[in-house]
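Examining the three-dimensional arrangement
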Amino acid sequence: RLSFVMLSSLTRTTARTVAALTPVALQTASRVLLLNSRLSSTMSRKITPLSDRVLVERLKPEAKTVSGILLPEQAVGKVNEGKVLAVGPGGRKSDGTVIPMSVKKGDKVLLPEYGGMTVKIDDQELVIFHEDDILGILE
């Protein structure tokens, strides 16, 4: 059953090649394909910020004007808006109580032009800010 499932997802050329294999080689090939699919599905990472930190993805700048003119990268600049991807549990007071976060996952926020710590995760550039550095929540 395993080899049938894996063969159904292969291209025609690969299926012809696999059909020429012996049953033992076919079973080994299907196990390798299954292992590769499991590895690729576990490659994406999940990050939870600590304390009062917020993980933000900066929005991409518009490269085209309303009238349809394409702008070069240098003329576009950075966008000061972003989407919150993850939020830490919150800061702590001196007595140990947790200060709740004012932003939540999915919020669209106004960011400062400079600041934050840039991290690259799975070929995606994200920025980690302290909650105090975020200028506001956009409605």
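What counts and what doesn't
Residues numbered from 1 in each chain as written. Predicted model: local features only at pLDDT ≥ 70, side-chain atom pairs only at ≥ 80, totals over all residues. Heavy atoms only, no water. Pairing = 2+ DSSP bridges. Helix = DSSP H or I, 4+ residues; strand = E, 2+ residues; numbered from the N terminus. pLDDT = per-residue confidence, 0-100. Contact = heavy atoms within 4.5 Å. Axes fitted to C-alpha atoms, helices over the stretch in contact; angles between N-to-C directions.

As defined by bridge partners, strand β1 (residues 53-58) adjoins strand β5 (residues 124-130) across four bridges and the pair is classed as antiparallel. Considered in β5, the bridge of L55 is made with I128. The sheet contact formed by β1 and strand β2 (residues 81-87) spans five bridges and is antiparallel. Its bridge partner being in β2, V54 is matched across the sheet by V87.

Of the residues in the protein chain, 65% have a pLDDT of 70 or more, and the chain-wide mean is 75. Within the protein chain, the element-level pLDDT minimum falls on helix α1 (residues 2-8), averaging 43, and the maximum on strand β3 (residues 108-110), averaging 95. Every residue in residues 1-13 is under pLDDT 50, and counting partners more than four places away or in other chains gives eleven contacts. A low-confidence stretch, residues 32-43 (pLDDT under 50), is modelled with five contacts involving residues beyond four sequence positions or located in other chains.

Moving on: the sheet that holds β3. With antiparallel pairing, six strands are arranged side by side in an open sheet as β4-β5-β1-β2-β3-β6. Single-partner strands in this sheet number two, and they are β4 (117-121) and β6 (136-138). Strand-to-strand twist of the sheet, defined as the mean angle between neighbouring strand axes without regard to direction, takes the value 45°. Two strands pair when backbone bridges link them, and β2 and β3 are joined in this way by three bridges, in the antiparallel orientation. From the neighbouring strand, G82 faces β3, where its bridge partner is V109.

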